[in-house]
Amino acid sequence: MTIYRLVAKGTIEERILRLHAGKRDLADGLLAGTDDGGRLSYADMLALVRGSGGA
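All of these numbers come straight from a predicted model, not from anything done at the bench. (Residues numbered from 1 in each chain as written. Predicted model: local features only at pLDDT ≥ 70, side-chain atom pairs only at ≥ 80, totals over all residues. Heavy atoms only, no water.)

**Let's talk about the overall build of the protein chain**
Next up, step 1: The secondary structure content of the protein chain amounts to three helices and zero strands.
Next up, step 2: Beginning at the N terminus, the succession of helices and strands in the protein chain can be written as α-α-α.
Next up, step 3: Residues counted as buried form 9% of the 55 residues belonging to the protein chain. (Helix = DSSP H or I, 4+ residues; strand = E, 2+ residues; numbered from the N terminus. Buried < 20%, exposed > 50% of the residue type's maximum accessible area, 1.4 Å probe, protein only.)

**So, the environment of Lys 23**
Next up, step 1: Structurally, Lys 23 can be placed in helix H1 (residues 12-32).
Next up, step 2: Residue classification places Lys 23 among the partly exposed positions, given a relative accessible area of 29%.
Next up, step 3: Considering only alpha carbons, one finds Lys 23 and Leu 48, 25 residues apart in sequence, at a separation of 7.1 Å.
Next up, step 4: Non-local contacts of Lys 23, meaning those with residues more than four positions away in its chain, are made with Leu 48 and Gly 51. (Contact = heavy atoms within 4.5 Å.)

**Brief notes about H1**
Next up, step 1: Taking 1.5 Å as the rise per residue, H1 with 21 residues should run 30 Å; its terminal C-alpha atoms sit 30 Å apart, in good agreement.
Next up, step 2: Elements that come into contact with the buried residues of H1 comprise helix H3 (42-50). (Expected span 1.5 Å × (residues − 1).)

**Observations regarding the confidence of the model for the protein chain**
Next up, step 1: The pLDDT averaged across the protein chain works out to 79; a share of 78% of its residues lies at or above 70.
Next up, step 2: By mean pLDDT, helix H2 (residues 35-38) is the weakest element of the protein chain at 53, and H1 is the strongest at 86. (pLDDT = per-residue confidence, 0-100.)

Shown next, in the form of structure tokens:
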């Protein structure tokens, strides 16, 4: 079964999906022990906690 998600461009939903994708990529990198996790800056960590999508 394939499910497609349609999201209108420039909407809050699009912004939320981008935020979640960034956080998911960051978490995957940290859990996998990649180099990206070792170079996480203070600003990136703060953005992750605040939910601003800076990472």
